[in-house]
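Next come the chains, spelled out residue by residue.
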Number of protein chains: 2
Amino acid sequence: MYRSHNCGELNASNINTEVTLAGWVQKSRDKGFMNWVDLRDRYGITQLIFDEVRTDKTVFELAKTLGREFVIQVKGTVIEREAKNKNIPTGDIEILVTELTILNAALTPPFTIEDETDGGEDIRMKYRYLDIRRNPVKNSLLFRHKVAMEVRKYLSDLDFCEVETPYLIKSTPEGARDFVVPSRMNEGQFYALPQSPQTFKQLLMVGGMDKYFQIVKCFRDEDLRADRQPEFTQIDCEMAFVEQEDILNVFEGLTRHLLKEIKGVEVAKFPRITYDYAMKTYGNDKPDIRFGMEFGELNEFAQHKDFPVFNAAELVVGIAVPGAGNYTRKEIDALIDWVKRPQVGASGMVYAKCNDDGTYKSSVDKFYDQDDLGQWAKITGAKPGDMIFVLSGPANKTRAQLSALRMELATRLGLRKPEEFAPLWVVDFPLLELDEESGRYHAMHHPFTSPKPEDMQLLETEPGKVRANAYDMVLNGNEIGGGSIRIHDKATQQLMFKYLGFTEEEAKAQFGFLMDAFQFGAPPHGGLAFGLDRLVAILGGQETIRDFIAFPKNNSGRDVMIDAPATIDDAQLKELHIKVDLV
Amino acid sequence: MYRSHNCGELNASNINTEVTLAGWVQKSRDKGFMNWVDLRDRYGITQLIFDEVRTDKTVFELAKTLGREFVIQVKGTVIEREAKNKNIPTGDIEILVTELTILNAALTPPFTIEDETDGGEDIRMKYRYLDIRRNPVKNSLLFRHKVAMEVRKYLSDLDFCEVETPYLIKSTPEGARDFVVPSRMNEGQFYALPQSPQTFKQLLMVGGMDKYFQIVKCFRDEDLRADRQPEFTQIDCEMAFVEQEDILNVFEGLTRHLLKEIKGVEVAKFPRITYDYAMKTYGNDKPDIRFGMEFGELNEFAQHKDFPVFNAAELVVGIAVPGAGNYTRKEIDALIDWVKRPQVGASGMVYAKCNDDGTYKSSVDKFYDQDDLGQWAKITGAKPGDMIFVLSGPANKTRAQLSALRMELATRLGLRKPEEFAPLWVVDFPLLELDEESGRYHAMHHPFTSPKPEDMQLLETEPGKVRANAYDMVLNGNEIGGGSIRIHDKATQQLMFKYLGFTEEEAKAQFGFLMDAFQFGAPPHGGLAFGLDRLVAILGGQETIRDFIAFPKNNSGRDVMIDAPATIDDAQLKELHIKVDLV
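Here the structure is a predicted model, which is why all the values come from computation and not from measurement.

According to UniProt, the "binding site: L-aspartate" (unreviewed entry) feature falls on Glu174, Arg220, His445 and Arg486 of chain A. At 3.3 Å, the side chain of Arg486 of chain A and the side chain of His446 of chain A are in polar contact.

Below, the structure is given as C-alpha cells:
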C-alpha cells in the first residue's frame with residue numbers, strides 16, 4: 001500500500017502521527033524558504049509543508065520541482081497548521097514532509113483541475129480522465145453509484161430479483177433504430193443490441209420470476225439530440241399478478257425512499273393526473289408542478305366579442321404569471337418575440353395586466369371590457385400584480401406553445417428550484433398515437449401495452465380514443481419513468497399487431513416466441529422502466545446528464561477520447577461476411 | 001393485486017383465514033368427489049381442495065377442467081390438512097376453495113415442469129421461459145442475484161464505486177475477436193463491444209476514482225467451447241496506489257465473505273503458490289486442491305536403470321492414487337486407454353501397486369526393484385493400498401496429461417465434493433507466452449500487465465522467463481478471477497507494445513489515448529476481474545454455468561428461443577453503409 005491514510009481524513013486528533021500519503025499535486029506555493037503543496041486524492045486535500053529549516057535539503061529541493069498533477073508519495077508528521085482553513089476537514093493540520101517520492105511526473109494538463117475549470121466541453125471530453133479528477137464530475141459518479149445501490153437494496157428487500165437479460169438479441173423494425181452486430185458464426189445474420197429488455201422481462205414473468213428488476217444498458221441508434229446518448233441505462237422492472245395500482249405503489253415507494261435517503265427530502269403521496277388533464281392543464285404530459293401557472297381555457301369569455309383572432313381559434317388559453325404585472329412594454333414585446341420564434345411557433349400573444357387596484361389593462365382592451373378580463377383572471381387564477389398571457393389557435397399546438405412559455409417564465413422567475421422535488425404520476429395514456437406523416441397509428445408506449453378493457457370496443461372506430469393502462473412518473477418536468485400493464489394473452493396481442501399494421505407473418509416472425517409463450521400459461525403482469533441517467537441528474541439537481549456518465553459520447557455518437565467508432569481491418573470484415581458500402 | 005398471500009407462506013397459524021392466491025396448476029388429483037390441485041408460484045406450492053359437499057357446484061366443475069400450467073386465481077379458507085406433508089412449509093394446511101378464476105389457460109408444456117424434467121437440452125432452451133419455472137433454474141437465478149448483491153454490498157462498504165463504462169468502444173486486434181457494430185452516423189466506421197472494460201478502468205484510476213468496480217457484460221466472438229458464452233459477466237475491479245498484496249487481500253476478503261454469507265463456509269487464509277510450483281505440482285495453473293495427488297518428479301529414481309522409455313524422457317512424473325492399490329488389471333487397462341485417447345495424448349502409462357504389506361508390484365518390475373519403487377512411493381507420497389501412476393515424455397505435455405488423469409481420478413473417486421471449497425492464489429505468472437504457431441510472444445494476461453521490476457532486464461534475452469505481477473484466484477479447479485499490477489508509465493508501456501510486435505504507429509492508433517493518459521499523472525494501479533457466471537456456478541455446487549444464465553446461447557452462438565441472430569432488411573443495411581458479403 002502506498003499510503004497509511006487518504007488525503008481527506010487527517011485532523012487535529014492525528015497530530016504527531018507519522019503518516020504516508022499519496023496523491024496528486026493540486027498546487028504549490030513556493031515562498032523560497034518554505035513551500036506548501038496541496039496533495040489531492042479522491043477523498044480530499046491535505047496540505048504538505050517543506051521548509052528550509054526542518055526539511056532535509058534533498059527533499060526540500062525535490063519539492064521545488066513538483067508540477068501540477070504530479071503523482072507523489074510523502075512520509076511525514078502531522079502537525080498543527082498556523083493558519084487554519086475552516087473550509088476543509090483537514091484544515092487544522094498539515095504534514096511536515098520527511099520523504100518525498102515522485103511516483104509519476106505529469107505534463108501540464110490542458111485545463112485546470114478545479115471545480116470551475118477553464119476547459120471547454122470538447123477538450124474536457126477528449127481528456128475525460130482529467131475531467132473526472134474534478135469534483136463536479138467525480139462527485140456525480142459517486143452520487144450515481146449511491147443512487148444505484150439504494151435502488152438495488154430497496155428492490156431486493158422487496159424480493160425483486162435482478163436478472164441479466166441478453167445483449168445480443170434480434171432486430172425488430174418496431175420502435176427506434178437498432179444497433180446491429182454481424183454474426184461471424186451465422187453468415188449473413190445479425191444480432192441487435194436491445195433498446196430495452198422488454199420481451200425478456202415479460203418472458204421472465206411467464207417463467208414465474210414474479211418480481212424482476214435490472215439496472216441495464218440499452219441502445220438506440222437515433223440522431224442524437226442534445227443530452228441524449230446512444231447507450232443509456234435503465235432501471236427496468238416487471239411484476240406478475242399485479243394491477244396498475246400495485247406497480248404505482250411500489251415505484252412511488254422506491255422514489256420516495258431515494259428522495260429521503262439520498263436527498264433527505266420527505267414527499268407526500270404523489271398526485272395522480274390523467275394524460276388528458278395534464279395536456280389541458282399544462283400543455284404537456286410531463287408537467288413541472290413545482291409551481292402553478294395552470295392553464296385557463298378562455299373560449300367562453302373570449303369568443304363572445306368581435307376579436308376575429310380569438311373567434312377563429314379552436315382554443316383560447318391563458319396563464320397567470322405571478323408578480324409579472326409590472327413587466328414593461330419592452331419586456332412584454334421580448335416575450336412576444338420569444339413565443340413567435342420558430343421553435344415555439346405562436347403567431348402572436350395577448351396580455352392582460354392585473355393592476356393592484358383590481359382593474360385590468362390588456363392589449364385587447366378594444367374588444368374586451370373589465371368584466372371579460374375579470375373572468376380571464378378568475379379562470380387563470382390571476383391576482384392583482386400578476387400578468388395574464390393568452391395564446392390561441394389549434395388546440396394541440398397552442399397548448400404546446402403555452403407550455404413552452406410557462407416553462408420559460410418559470411425558469412426566468414426562479415421557480416424551477418433544483419433542490420425542490422415535485423413528483424407525480426400521469427396515467428391513462430392513449431394506447432395509440434397518430435403519425436401525421438404516414439397517417440397510421442403507432443403504439444404510444446409499445447405494442448405490448450394493454451388497452452383498458454372498457455375501451456377495447458373503440459379500437460375499430462376511434463383508435464385514438466382508446467386509453468391504455470399506461471403511466472409515467474414525472475419529476476420536476478422530466479419523465480423519469482414509464483410503464484404499463486401488458487397484454488398477456490395471445491388473442492389480444494395478435495389483435496394489437498394487426499391494428500399496428502403487422503401482417504400475420506411479420507408478427508409471427510418477429511414476436512412469435514412471445515405469442516407462443518402467452519399460450520403456455522402467462523400470468524397478468526406489468527412493469528415500468530426508469531431512465532437512470534436522467535433520474536440521477538435530477539436528484540443531483542442538474543439539468544444535463546453528461547456529468548453523471550463516466551465516458552459519454554458526443555452528439556455524433558463519437559467517443560472523442562478513444563476516437564471511436566473507427567475503421568476496422570478488411571480481414572475482420574471478411575470474417576463477418578460483410579463489406580463496407582459507401583455511397 | 002391478484003393475491004393476498006403467495007404460495008409459499010401459509011401454515012397452521014393461518015388456519016381459518018380467508019385468502020386469495022394466484023399461480024400455476026402444478027398438478028391435480030381428481031378423485032371424483034374430491035379434487036386436489038397443487039398451486040405453484042415462485043415462492044412455493046399450496047394445496048387447494050375442491051369437494052363435492054363443501055364446494056359450490058360451478059366452482060367444483062370448473063376445477064375439473066384445469067390443466068397443467070393453467071394460471072388461476074382462487075379465494076378460499078385456510079384449513080388444516082388431514083394428511084400432512086412434512087416436506088414443504090405449507091404442508092400442514094390446504095385451501096378450501098370458494099371462488100376460482102382461470103386467468104389464462106395453457107397448452108400442455110412440451111416437457112414436465114418438475115425438478116427432474118423429461119425435457120432434453122434443446123427443447124428446454126427453445127422454451128426457456130418454461131424451463132425457468134423449474135426449481136433448479138429458478139433457484140439458480142435467485143442465487144445469482146444473491147451473490148451479485150453481496151459482492152456489491154461488500155465492495156461498496158469498502159468505498160469501491162461502481163462506474164458504468166461504455167459498451168460501444170473501439171476494436172483492437174489484440175486478444176480475442178471483437179464483436180463489432182457498424183455506425184450509421186459515422187460512415188464506414190465500427191464500434192466494438194468490450195471484451196473487458198480494461199482500458200476504461202485504468203483511465204478511471206488516472207482520473208482519481210481510486211477504487212472502482214463494475215458487474216458488467218463482456219463479449220468475445222470466439223468459437224464456442226462447451227460452457228462458454230459469447231456474452232458473459234465479469235466482476236471487474238481496479239485500485240490505485242496499491243501493490244499486489246493489497247489487491248489479493250481485498251479480493252480474498254470478498255471471496256471469504258461470499259463463502260461465509262452465501263454458503264456458511266469458513267475458510268482459512270488462502271494458500272499462495274507460484275505459477276511454476278502449480279505447474280510442477282499439479283500440471284495445471286488452476287489446480288483443484290480439495291484433494292492431494294500432488295505430482296512426484298521421478299527422474300532421479302527412474303532414469304538410472306535400463307528402461308529406455310523413461311531414460312529418453314524429459315520428465316518422469318507420477319501420482320499416488322489413494323486406495324487404488326486394489327484396481328484390477330482390467331480397470332488399470334481402461335485407465336491406460338483413457339490417457340491414450342487423443343484428448344489426453346499419452347503414449348502409455350506405468351503403474352506400481354503399493355501392497356498392504358509394504359511391497360510393490362509394478363508394470364516395470366523387470367527394470368525397477370523394490371528400493372526404486374519405494375523411492376517412487378516416498379516421492380509421490382503413496383501409502384500401502386495406494387496405486388502410483390507414472391507418465392513420461394516432454395515436460396509440459398506430460399504434466400498436462402498427468403493433470404488430466406489426476407482430475408479424472410478425483411472425479412471417479414468422489415474427491416471433487418461440490419460443497420467443499422478450496423480457494424487459492426496462483427501468483428508470479430509469466431509475462432509472455434510463446435505462440436507455437438507464429439513463434440512470437442504474446443501477453444499471457446494482456447499488454448497492460450506490469451513485468452516484475454527485477455525481471456525487466458530479461459525482456460531482451462529470455463522473454464519467456466520474465467515474470468509478471470499477475471495472479472489468478474482459483475477455486476475448486478477453476479480460475480474464477482485474475483488480474484495484475486498494471487504498467488502506469490508511458491515508457492514501459494511503449495516498450496511492452498514493442499516487444500509484442502506493435503509498430504509505433506499501431507500502438508499509437510490503438511492505445512494512444514492510454515499512453516497519453518499515462519503522461520498526465522497516472523498513479524500506480526492494479527486490479528482483477530472475476531468471472532461471475534463461473535463463480536456463481538461453483539458456489540452453487542455446479543459444474544456448468546448455463547443454469548445460472550437466464551437466457552443462454554447455444555454452441556453456435558444462437559438464442560434458439562427468439563431465433564437470433566437473424567437476417568435484417570436491406571434498408572437497414574443500407575443505412576449502416578454495409579453489404580452482406582457471402583462467399
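Don't stop here, the text continues.
Attention now moves to the packing of aromatic side chains. Here the structure, examined in full by the defined rule, presents 49 aromatic pairs over all chains. When the ring of Phe179 of chain A is compared with that of Tyr191 of chain B, the centres are 6.1 Å apart and the planes differ by 85°; the resulting orientation is edge-to-face. A residue pair is termed interchain when its members come from two chains, as with Phe179 of chain A in the loop between β6 (161-162) and β7 (180-182) and Tyr191 of chain B in strand β8 (residues 190-192). Tyr191 of chain B gets classed as buried once you look at its relative accessible area, which sits at 2%. Geometrically, the ring pair formed by Trp425 of chain A and Tyr471 of chain A is edge-to-face, given 6.2 Å between the ring centres and 85° between the ring planes. Taken as a pair, Trp425 of chain A in strand β17 (residues 423-427) and Tyr471 of chain A in strand β20 (residues 470-475) lie far apart in primary sequence, 46 residues in all. Both residues of the pair, Trp425 of chain A and Tyr471 of chain A, belong to the buried class.

This next bit is on the environment of Arg228 of chain B. Note on placement: Arg228 of chain B falls in the loop between β9 (211-219) and β10 (231-240). Sequence separation between Arg228 of chain B and Glu243 of chain B is 15 residues, and the spatial gap between their C-alpha atoms is 32 Å.

Further remarks concern a positive patch on the surface. Residues and elements named next belong to chain A. Together, Arg220, Arg225, Arg228 and Lys286 line one region of the surface with positive charge. Residue position: Lys286 is located in the loop between α7 (275-282) and β12 (296-297). The class for Lys286 is partly exposed, based on a relative accessible area of 35%.

Next up on the list: the relation of the copies chain B and chain A. Between chain B and chain A, the superposition needs a rotation of 180° and an axial shift of 0.0 Å, giving an RMSD of 0.1 Å. Classification of the inter-copy transformation places it as that of a two-fold axis. When the interface residues of chain B are mapped onto chain A, 100% of them again fall at the interface, so both copies present the same face.

Strand pairing in a sheet relies on backbone hydrogen bonds, with the paired strands running either antiparallel or parallel. Residues and elements named next belong to chain A. The strand order around the closed barrel formed by five strands is β1-β2-β3-β5-β4, and the pairing between neighbours is mixed. The mean inter-strand angle of the sheet, taken between neighbouring strand axes irrespective of direction, is 55°. Direction of pairing for strand β1 (residues 18-30) relative to strand β4 (residues 71-80): antiparallel, over a ladder of seven bridges. Bridge pairing links Gly23 to Ile72 in β4.

Each regular strand displays side chains that alternate between the two surfaces of the sheet. Residue and element names in this part refer to chain A. With respect to burial, β20 is a largely interior element, six of its six residues being buried. Both faces of β20 are covered, namely the face carrying Ala470, Asp472 and Val474 and the face carrying Tyr471, Met473 and Leu475. In this sheet, β20 lies alongside β17 in antiparallel orientation, the contact comprising five bridges. Paired with Trp425 across the strands is Met473, a residue of β20. With six bridges connecting them, β20 and strand β21 (residues 478-485) associate as antiparallel partners. Bridge pairing in β21 places Leu475 opposite Asn478. From the end of β20 to the start of β21, which pair antiparallel, there are two residues, and Asn476 there has a positive phi angle of about 55°.

Attention now moves to the packing of helix α14 (residues 490-499) of chain B against helix α15 (residues 504-519) of chain B. Residues and elements named next belong to chain B. In contact at an axis separation of 9 Å, α14 and α15 are set at 160° when each is read in the N-to-C sense. Between α14 and α15, the angle is such that the two are roughly antiparallel. Between α14 and α15 the crossing geometry is right-handed. Between α14 and α15, the residues in contact are Lys490, Gln493, Gln494 and Phe497 and Ala507, Phe511, Met515, Phe518 and Gln519, respectively. Partitioning the contact of α14 with α15 into residue classes produces five nonpolar, three polar and one charged.

The next subject is the UniProt feature "binding site: ATP" (unreviewed entry) in chain A. Taking the numbering used here, the UniProt-annotated feature "binding site: ATP" (unreviewed entry) corresponds to Arg220, Asp221, Glu222, Gln229, Glu479, Gly531, Leu532, Asp533 and Arg534 of chain A. With respect to the helices and strands, Asp221 of chain A occurs in the loop between β9 (211-219) and β10 (231-240). Beyond its immediate stretch of four places on either side in the chain, Asp221 of chain A contacts Arg177, Asp178 and Phe179 of chain A together with Arg184 and Leu576 of chain B. Checked against the element boundaries, Asp533 of chain A lands in helix α15 (residues 532-539).

The next subject is helix α11 (residues 370-380) of chain B. All names here are of chain B. Regarding α11, the residues found buried are Asp372, Leu373, Trp376, Ala377 and Thr380. Projection of α11 onto a plane perpendicular to its axis shows the buried side chains occupying an angular sector of 145°, all on one side. Exposed positions of α11 whose direction lies more than 90 degrees from the buried face are Asp371 and Lys378. Where α11 begins, one side-chain oxygen reaches toward the backbone nitrogen of Asp371, 3.1 Å away; that side chain belongs to Asp369. At the exit of α11 stands Gly381, carrying a positive phi of roughly 80°.

Residues and elements named next belong to chain B. The five strands lie next to each other as β12-β13-β16-β14-β15, forming an open sheet whose pairing is antiparallel. Looking at which strands have only one partner, the edges of the open sheet turn out to be β12 (296-297) and β15 (360-362). Relative to strand β13 (residues 315-321), β12 is paired through two bridges, and the arrangement is antiparallel. The residue bridging Gly296 from the neighbouring strand is Gly318, located in β13. Each of β12, β13 and β16 (387-393) is contacted by helix α12 (residues 395-412), which is oriented at about 10° to β13, the strand it contacts most.

For the rest of this paragraph, the subject is the confidence of the model for chain A. Residue-level pLDDT values for chain A average 95, and 100% of them are 70 or greater. Scored as a whole, the predicted complex attains pTM 0.95, and scored at its interfaces, ipTM 0.95.

With that settled, the discussion passes to the interface of chain B and chain A. At the interface, 126 residues of chain B touch 126 residues of chain A. Summing the contributions of chain B and of chain A, the shared interface buries around 11,200 Å²; its carbon and sulfur component is 61%. Here chain B and chain A share twelve salt bridges between them. For the salt bridge of Arg184 of chain A with Asp223 of chain B, the shortest nitrogen-to-oxygen distance reads 3.2 Å. Linking chain B with chain A are 70 residue pairs in polar contact (both at pLDDT 80 or more), by the criterion used here. Considering each element in turn, the side of chain B that touches chain A owes the most residues, nine residues, to helix α4 (residues 135-157) of chain B. Partitioning the side of chain B that touches chain A into residue classes produces 69 nonpolar, 23 polar and 34 charged. Of the pairings in the sheet, the one linking strand β23 (residues 578-580) of chain A to strand β23 (residues 578-580) of chain B comprises three bridges and is antiparallel in character. Across the sheet, residue Lys579 of chain A finds its bridge partner in β23 of chain B, namely Lys579 of chain B.

Cut-off values and rules
Residues numbered from 1 in each chain as written. Chains lettered and ligands numbered in written order. Predicted model: local features only at pLDDT ≥ 70, side-chain atom pairs only at ≥ 80, totals over all residues. Heavy atoms only, no water. UniProt positions renumbered as here; feature names shortened; annotations may be inferred. Polar contact = N/O pair within 3.5 Å; in protein donor to acceptor, adjacent residues only side chain to side chain. Phe/Tyr/Trp six-rings, centres within 6.5 Å; stacked < 30°, edge-to-face > 60°. Helix = DSSP H or I, 4+ residues; strand = E, 2+ residues; numbered from the N terminus. Buried < 20%, exposed > 50% of the residue type's maximum accessible area, 1.4 Å probe, protein only. Patch = residues over 30% accessible without salt bridge, like charges linked within 9 Å, V, L, I, M, F, W, Y side chains within 5 Å. Areas by Shrake-Rupley, 256 points an atom, 1.4 Å probe, with all protein chains shown as cover. Salt bridge = Lys/Arg side-chain N within 4 Å of Asp/Glu carboxyl O. Lys, Arg positive; Asp, Glu negative; His and termini not counted. Charge placed at Lys NZ, Arg CZ, Asp CG, Glu CD. Least-squares fit on C-alpha atoms with pLDDT ≥ 70 in both. Contact = heavy atoms within 4.5 Å. Pairing = 2+ DSSP bridges. Axes fitted to C-alpha atoms, helices over the stretch in contact; angles between N-to-C directions. Parallel < 35°, antiparallel > 145°, perpendicular 65-115°, else oblique. Left-handed = near helix turned anticlockwise from the far one by under 90°. Nonpolar A, V, L, I, M, F, W, Y, C, P; charged D, E, K, R; others polar. Arc of directions from axis to C-beta. pLDDT = per-residue confidence, 0-100. Buried area = accessible area lost by both parts, 1.4 Å probe.

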